[in-house]
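Architecture and fold: a report
Residue strings, one per chain:
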Amino acid sequence: MTLSSLGYIGIRSAKTEDWSGFATNLLGMQQVDRGGNSRAFRMDDRKQRLLVTDDGQEGLDFMGWEVDHPDDLDRLASRLENAGVAVRVETAALADQRLVSQLISFNDPDGNHIEVFWKPQIASDPFVPARPISGFKTGTLGMGHAVLHVEDASALLPFYRDLLGFSVTDYGLTPFPLYFFHINGRHHSFAMVGSGRKGLHHFMVELQSLDDVGQGYDIAQQDEGRVAYTLGRHSNDHMMSFYATTPSGFFVEYGWGARVIEPATWEAHETSDGPSYWGHERVHLPDGDPARERMREMRIDAASRGMRAADPVPNCAWLDSVVRQE
C-alpha cells in the first residue's frame, strides 16, 4: 500500500462562519488562525486537518492522502501517468498552504480532486479542543474516513483499488452498491456509495470516549435539523455514531468504538446485514421515503436475527502486558 492514511480534507463553502461554529462547538475541533476567507482546524498534533475556504461551489474541495516517504510520491505519479491520469507536481507555495513538505494532485474519474502528500507539519503546542472532549482517534489511523457519492461504483473500482492501492474491506450490493476500503488498521478510510450522484456524502471523525459522542448528540439536537441520522451502530466497522448535517449540506459522522482490523490477514467479503444493526434512522429524509423505510426494515431484520457486534476492549496497559507474556 502506497497511501498510509487520510491526512486532511478541504471544503469549499461560502458559510465559513457557520463552519467555525459547527467544527468547534459541536465537533470540538480547535480553530487555528488562517485569516482571509479560510478557516482551518486541528484535531491532534498536526497543524491542520480540516480546511474550509470560501472559494467556488459548495462541497468537497480536495482529499489529502499521506505517504510515508517522498519516493512514494514519485512511484505513485509514474503509475498514474502510465495509466493516462494527468498528475500535477504542486508548488512549494501550495505545500506551504497545506502545511506539508511535498504534494502531487490529480482528479479521479468523477472529477474529485485528490492530493497526495509527504511529511505534514507538527505543531509545537498541544491540541486544545474547543469543547471539553477526550480527543480524536487519529495517529497512524489518520484523520478518519471519507465517503463519496458516485454515479457508478464499479466503474471507479479500478482507479481506487488498482491504481491508488486501496484494499477492499467489504462491500454490499443491496439496496445500493457500497464499497469500503482500508489502507491501515482503520476498517475503512474511504468508501463509495453508488447513489447515482456525485460529491461528498460524509466524512467521519472518531472520538476517544463514548461520552464525547453522546454529549455531541445532545448538542446537535439543540439545533433544528442538525441531526441527520440518529445514534446507531454500524454492522461492518461496529462504529457507534450519529450523523450531523454540515453547513454545506453533506454530513459528518461523529463516532466511537470502531474495530481495528489486521490488513495483512483481512479478507474482503460481501455483507448483507445492512449498514446498521440498530439506530441510524435517516431523519433527514421524510417519513415514508422508500430509502428510509428500506433501511428501517433491514435493521428490524437484524434485530429479529439477534445480530451483535463485539464490544470494544478498553485500553488497559496491565491487561496488554499479561496478554503479551502468554
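My aim in this report is to walk through the structure given alongside it, one point at a time. This structure is a prediction, so every number in the text was calculated from the model and none was measured.

1. A closer look at the overall build of the protein
- Regarding its fold elements, the protein presents seven helices and 18 strands.
- Principal-axis analysis of the C-alpha atoms gives the protein an extent of 55 × 55 × 40 Å.
- Out of the 326 residues belonging to the protein, those deemed buried represent 54%.
- Restricting to contacts in the protein with at least 6 residues of sequence separation, those with at least 24 account for 66%.

2. Quick notes on the pattern of salt bridges
- On inspection of all chains with the given rule, the structure shows 20 salt bridges.
- Linking Arg-88 and Glu-90 is a salt bridge whose minimum nitrogen-to-oxygen distance equals 3.0 Å.
- Overall, Glu-90 belongs to the buried group, its relative accessible area being 15%.
- Three or more residues joined by partner-sharing salt bridges are found here, namely Glu-281, Asp-287, Arg-292, Glu-293, Arg-296 and Arg-299.

3. Things to note about helix H6 (residues 290-304)
- Its 15 residues place the ends of H6 21 Å apart at the C-alpha level, agreeing with the 21 Å of an ideal helix rising 1.5 Å per residue.
- Within H6 the residues assigned to the buried category are Arg-292, Met-295, Met-298, Arg-299 and Ala-302. Take H6 and look down its axis: the buried residues cluster within an arc of 125°, on one side only. Turned more than 90 degrees away from the buried face of H6, the exposed residues are Pro-290, Ile-300 and Ser-304.
- Here the buried face of H6 lies against strand S18 (276-278).
- Phi turns positive, to about 65°, at Gly-306, one or two residues after H6.

4. Examining the environment of Gln-102
- Residue position: Gln-102 is located in strand S7 (residues 100-107).
- The partly exposed category is assigned to Gln-102, whose relative accessible area is 36%.
- When sequence neighbours within four positions are dropped, the list of residues in contact with Gln-102 reads Pro-70, Leu-73, Val-116, Phe-117 and Trp-118.

5. Re the packing of aromatic side chains
- By the definition in use, this model includes 20 aromatic pairs.
- When the centroid spacing of 5.8 Å and the interplanar angle of 80° are considered together, the rings of Tyr-8 and Phe-62 count as edge-to-face. Taken together, the positions of Tyr-8 in strand S1 (residues 3-12) and Phe-62 in strand S5 (residues 59-67) put the pair 54 residues apart, joining distant regions of the chain. A single burial state applies to Tyr-8 and to Phe-62, both of which are buried.
- Members of the aromatic cluster, connected to one another through ring pairs, are Trp-65, Phe-106, Phe-159, Tyr-160, Phe-166, Phe-181 and Phe-190.

Conventions we followed
- Residues numbered from 1 in each chain as written.
- Predicted model: local features only at pLDDT ≥ 70, side-chain atom pairs only at ≥ 80, totals over all residues.
- Heavy atoms only, no water.
- Helix = DSSP H or I, 4+ residues; strand = E, 2+ residues; numbered from the N terminus.
- Buried < 20%, exposed > 50% of the residue type's maximum accessible area, 1.4 Å probe, protein only.
- Contact = heavy atoms within 4.5 Å.
- Salt bridge = Lys/Arg side-chain N within 4 Å of Asp/Glu carboxyl O.
- Expected span 1.5 Å × (residues − 1).
- Arc of directions from axis to C-beta.
- Phe/Tyr/Trp six-rings, centres within 6.5 Å; stacked < 30°, edge-to-face > 60°.

So far we have only geometry, and geometry alone does not tell us how the molecule works.
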